[in-house]
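Take a look at the letters that make up each chain.
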Amino acid sequence: MKLNNNKIATLFTMMLLIGSGCSTLNPLAKEDFETFYKKFHADTTFQLSRIKFPIDGMLVNPNGEKKWTAENWIPLTTPVHKTDTTRFEIEYKKRNDTFMQKSWIKNSGFFTEYRFELQKRKWFLVYAYEQNL
């Protein structure tokens, strides 16, 4: 069967349109944050792949302050919206290309802040501050 250029162009356009809504088929689509965020907290290997160490922020505890490295990183396993709000105060804000979350216990010395950014159509953790005094 011989295809002419118009049929090839039409077939290509249809494939492009069908794939445009699916990020696995469309390399130009940005990663869905909710899908990323769920996987980030469920899969530590994936989590480490989405942190470019050293990241901004630090770990603060009674022993002092440390910059985050892959070696001292404590995996995040609880999404902010699943935090026990009877114990913790939480705040989070989602924008098109950023997500910020904070949690703390009043008058305790415990506070965390994490920031995610969309970079080249993929989400990354770019800032982590954890204080436990």
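Right above here is the structure, for reference.
Residues numbered from 1 in each chain as written. Predicted model: local features only at pLDDT ≥ 70, side-chain atom pairs only at ≥ 80, totals over all residues. Heavy atoms only, no water.

### Comments concerning the packing of aromatic side chains
Convention followed: Only rings of Phe, Tyr and Trp enter the pairing, Trp through its six-membered ring, and a pair is recorded when the two centres are within 6.5 Å. The plane angle decides the type: under 30 degrees is stacked, over 60 is edge-to-face, the rest tilted. Only runs of H or I of at least four residues qualify as helices and only runs of E of at least two qualify as strands under DSSP, and these elements are numbered from the N terminus. Per-residue accessibility, obtained with a 1.4 Å probe over protein chains only, is compared with the maximum for each type, and a residue is labelled buried under 20%, exposed over 50%, and partly exposed between these values. Here, a charge over a ring means that NZ of Lys or CZ of Arg falls within 6 Å of the ring centre while also lying within 35 degrees of the ring normal.
Under the counting rule described, the total for this entry stands at 17 aromatic pairs. Between the aromatic rings of Phe-33 and Phe-36, the centroid separation amounts to 5.9 Å while the plane-to-plane angle is 50 degrees, which identifies the pairing as tilted. Taken together, the residues Phe-33 and Phe-36, both in helix 2 (residues 33-42) and 3 residues apart, mark about one turn of the helix. Using a relative accessible area of 5% as the deciding quantity, one classes Phe-33 as buried. Linked through ring pairs, Phe-33, Phe-36, Tyr-37, Phe-40, Phe-46, Tyr-92, Phe-99, Phe-116 and Trp-123 together constitute an aromatic cluster. Lying over the aromatic face of Phe-124, Arg-50 brings its terminal NZ or CZ to 5.5 Å of the ring centre. Across the ring face of Tyr-127, the terminal group of Arg-115 is positioned such that the distance to the ring centre comes to 3.9 Å.

### What to know about the nonpolar core
Applied cut-off: Throughout, nonpolar core names a set of buried Ala, Val, Leu, Ile, Met, Phe, Trp, Tyr and Cys residues whose side chains join them through atoms within 4.5 Å.
Counting 19 residues, the largest nonpolar core has Phe-36, Phe-40, Trp-73, Phe-116 and Leu-125 as the members making the most contacts within it. In this structure, Val-60, Phe-124, Val-126 and Tyr-129 belong to the second largest nonpolar core, which totals 5 residues.

### Some remarks on unusual backbone geometry
A negative phi angle characterises most non-glycine residues, just as the trans form characterises most peptide bonds. With omega at -5 degrees, the peptide bond leading from Phe-53 into Pro-54 counts as cis. Here Pro-54 lies in strand 1 (residues 51-61). Unlike most non-glycine residues, Asn-107 shows phi in positive territory, near 55 degrees. With respect to the secondary-structure elements, Asn-107 resides in the loop between strand 4 (98-105) and strand 5 (110-119). Looking at Asn-107, the relative accessible area reads 85%, which means it is exposed. The phi torsion at Arg-121 lies on the positive side, around 70 degrees, for a residue other than glycine. With respect to the element layout, Arg-121 can be found in the loop between strand 5 and strand 6 (122-132).

### A short note on the sheet that holds strand 2 (residues 64-66)
Put simply, the test is: Pairing between two strands is assigned when DSSP locates at least 2 bridges connecting them. Here, axes are lines fitted to C-alpha atoms. For helices the fit covers the stretch in contact, and angles between N-to-C directions go from 0 to 180 degrees.
Within the open sheet, the 6 strands sit side by side as 2-1-6-5-4-3. Their pairing is mixed. Sheet topology places strand 2 and strand 3 (89-94) at the edges, where each strand pairs with a single neighbour. Here the strands of the sheet are splayed against their neighbours by 10 degrees on average, with no regard to which way each runs. As paired strands, strand 3 and strand 4 are joined by 6 bridges and run antiparallel to one another. Each bridged residue has a counterpart across the sheet, and for Lys-93 the counterpart in strand 4 is Met-100.

### Here's the deal with the pattern of salt bridges
Pairing between side chains of opposite charge can happen when the charged atoms of each approach one another. We apply this condition: In the sections that follow, a salt bridge refers to a side-chain nitrogen of Lys or Arg positioned within 4 Å of a carboxyl oxygen of Asp or Glu.
Enumeration over the complete set of coordinates arrives at 2 salt bridges. Salt-bridge contacts for Arg-50 lead to Glu-31; the nearest nitrogen and oxygen are separated by 2.7 Å. Remark: Glu-31 occurs in the loop between helix 1 (5-19) and helix 2 and Arg-50 occurs in the loop between helix 3 (44-49) and strand 1; sequence separation between them is 19 residues. Using a relative accessible area of 8% as the deciding quantity, one classes Arg-50 as buried. Across the salt bridge formed by Arg-115 and Glu-113, the nearest N and O atoms sit 3.1 Å from each other. Of the residues examined, Arg-115 reaches a relative accessible area of 35% and is grouped as partly exposed. In this structure Glu-113 comes out as buried when scored by relative accessible area, which is 12%.

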